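Each chain, letter by letter, is given below.
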Amino acid sequence: MHIMEGFLPVEHAVGWTLASAPFVVVGVRSLRCRLHEQPEQRMLLGVAAAFSFVLSALKLPSVTGSCSHPTGVGLGALLFGPTAMVPVGLVVLLFQALLLAHGGVTTLGANLFSMAIVGSFVAAGLFRAGRRLQLPLAVCVFAATCVADLATYVTTSLQLAWAFPDPVGGFAASFAKFAGIFAITQIPLAISEGLLSVLVVNALLRFNRDELKGMPLFAGRELRA
Amino acid sequence: MMRTNWLLIAAVLLLTALPLWLVPRPAAGPDGQPSEIFAGADSVAQKAIEEIAPGYQPWFAPLLEPASGEIASLLFALQAAIGAGIIGYWLGSAVTREKMRRQSGHECSDRAD
């Protein structure tokens, strides 16, 4: 899902950076506010960030014969709300862009948008919808994090198709091509991410039930998985 | 709960390992070199961009590139290790806390399922 350094035309790079910037500001503010009010959640935020750090470093083989990696953003978005994972995603992406030449500084805005913004909002929205429908917690966690991972890669495909429309088929043909590379590869990995997120939530339910009750998305309902 | 967790872990391992068996090795390209299997999706996309827009020149180069593939995998391993270390620390302290709570005798934890 990392668009390579320099591989987005200047206006797209600037546009996505501008689009992502307000989310970073809001995210930093909401995180600071929350940690000020509930400093005991610092540990859980660390776990959510670490989860994203681990998953986005794991390049896994997929059925299309190429490798890609999960993002791990969904779990944190469920715990801390959709904007909170934006600064965390920024740290992960900066680490990879600066040290690993994976992604890039010019494409940081676009990558942040697909991974931490679209991914987080899809995860939080689906989770809320699932809880409202009174689906079991594990099902909600799995669906939210799995689809959020896929949504990230569909977004990357859209971004690339917009920047590089096919000379013959235009945007649609180009999108089909990039989606074939990113989204299809991602399907088994998204399922893995969903399963791993359920695993962590199971551990949280066992060991951090009280903190979990303080989370807005988890509050107010019976927490039995 | 314990059993579910093991099943989840097994499913993830299977999802990861199965492609290694299921995906056939691609046929050799026109130059006789076998084409790469399990390349990164990012670099496959880069090739697609070069196909769609052959004249496109990347206008910015990475500030720092790992000196070799080995160094890159070192840094990726480091990233995973930092994350895994933090999660491991949390799990360790959570397990210890639970054990202490149980030993202290007050209100035996009956929620553990």
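Residues numbered from 1 in each chain as written. Chains lettered and ligands numbered in written order. Predicted model: local features only at pLDDT ≥ 70, side-chain atom pairs only at ≥ 80, totals over all residues. Heavy atoms only, no water.

J.: Got a sec to walk through the overall build of chain A? Specific residues and values, please.
T.: The number of helices and strands found in chain A is eight helices and two strands. Ordered by position from N to C terminus, the α and β elements of chain A give α-α-β-β-α-α-α-α-α-α. The C-alpha radius of gyration computed for chain A amounts to 17 Å, which stays within 12% of the reference 17 Å derived for 225 residues, consistent with globular compactness. Each principal axis of the C-alpha atoms in chain A carries an extent, and together these give about 55 × 35 × 30 Å. Buried positions account for 63% of the 225 residues belonging to chain A. Considering only contacts in chain A between residues 6 or more positions apart, those separated by 24 or more positions represent 72%. (Helix = DSSP H or I, 4+ residues; strand = E, 2+ residues; numbered from the N terminus. Rg over C-alpha atoms; globule rule 2.2 N^0.38 Å. Buried < 20%, exposed > 50% of the residue type's maximum accessible area, 1.4 Å probe, protein only. Contact = heavy atoms within 4.5 Å.)

J.: I'd love a proper account of the sheet that holds strand E2 (residues 66-68) of chain A, names of residues and values included.
T.: Spatially, E1(A)-E2(A)-E1(B) is the arrangement adopted by the three strands of the open sheet, whose pairing is mixed. Looking at strand neighbours, the two that pair on one side only are strand E1 (60-61) of chain A together with strand E1 (39-40) of chain B, the edges of this open sheet. Summarising the sheet, E1(A) and E2(A) pair through two bridges and their orientation is antiparallel. Paired with A:Pro61 across the bridge in E2(A) is A:Cys67. (Pairing = 2+ DSSP bridges.)

J.: Give me the interface of chain A and chain B: which residues, what numbers.
T.: Contacts between the two partners involve 68 residues from chain A, matched on the other side by 58 residues from chain B. Summing both partners gives a buried area of about 5,500 Å² for chain A against chain B, and 74% of it is carried by carbon and sulfur. When the area that chain A buries against chain B is broken down by residue, the three leading residues are A:Phe7, A:Leu100 and A:Phe207, summing to 12%. Taken together, the links from chain A to chain B amount to two salt bridges. On inspection of chain A and its partner chain B, the count reaches 18 residue pairs in polar contact (both at pLDDT 80 or more). Contributing elements (two or more residues each) for the side of chain A that touches chain B: helix H1 (10-37), helix H2 (42-55), E1, E2, helix H4 (85-100), helix H7 (170-207) and helix H8 (209-213) of chain A. Of all the elements, H7(A) adds the most residues to the side of chain A that touches chain B, at 18 residues. In terms of residue class, the side of chain A that touches chain B is built from 44 nonpolar, 15 polar and nine charged. Two strands pair when backbone bridges link them, and E2(A) and E1(B) are joined in this way by two bridges, in the parallel orientation. Considered in E1(B), the bridge of A:Cys67 is made with B:Gly40. (Buried area = accessible area lost by both parts, 1.4 Å probe. Salt bridge = Lys/Arg side-chain N within 4 Å of Asp/Glu carboxyl O. Polar contact = N/O pair within 3.5 Å; in protein donor to acceptor, adjacent residues only side chain to side chain. Nonpolar A, V, L, I, M, F, W, Y, C, P; charged D, E, K, R; others polar.)

J.: Tell me about the nonpolar core, and please be specific about residues and values.
T.: If you look at the biggest cluster of nonpolar residues, it comprises 83 residues, and the most contacted ones within it are A:Leu79, A:Phe127, A:Leu160 and A:Phe218. Among the elements that make up this core, the one with the highest residue count is H7(A) (twelve residues). (Core = buried A, V, L, I, M, F, W, Y, C linked by side-chain atoms within 4.5 Å.)

J.: Kindly report on the state of the cysteines, identifying the contributing residues and their values.
T.: Residues and elements named next belong to chain A. The tally for this structure, following the rule as stated, stands at zero disulfides over all chains. Here Cys146 is not disulfide-linked; the sulfur of Cys140 is the nearest cysteine sulfur, at 13 Å. A relative accessible area of 9% places Cys146 in the buried class. (Disulfide = S-S within 2.5 Å.)

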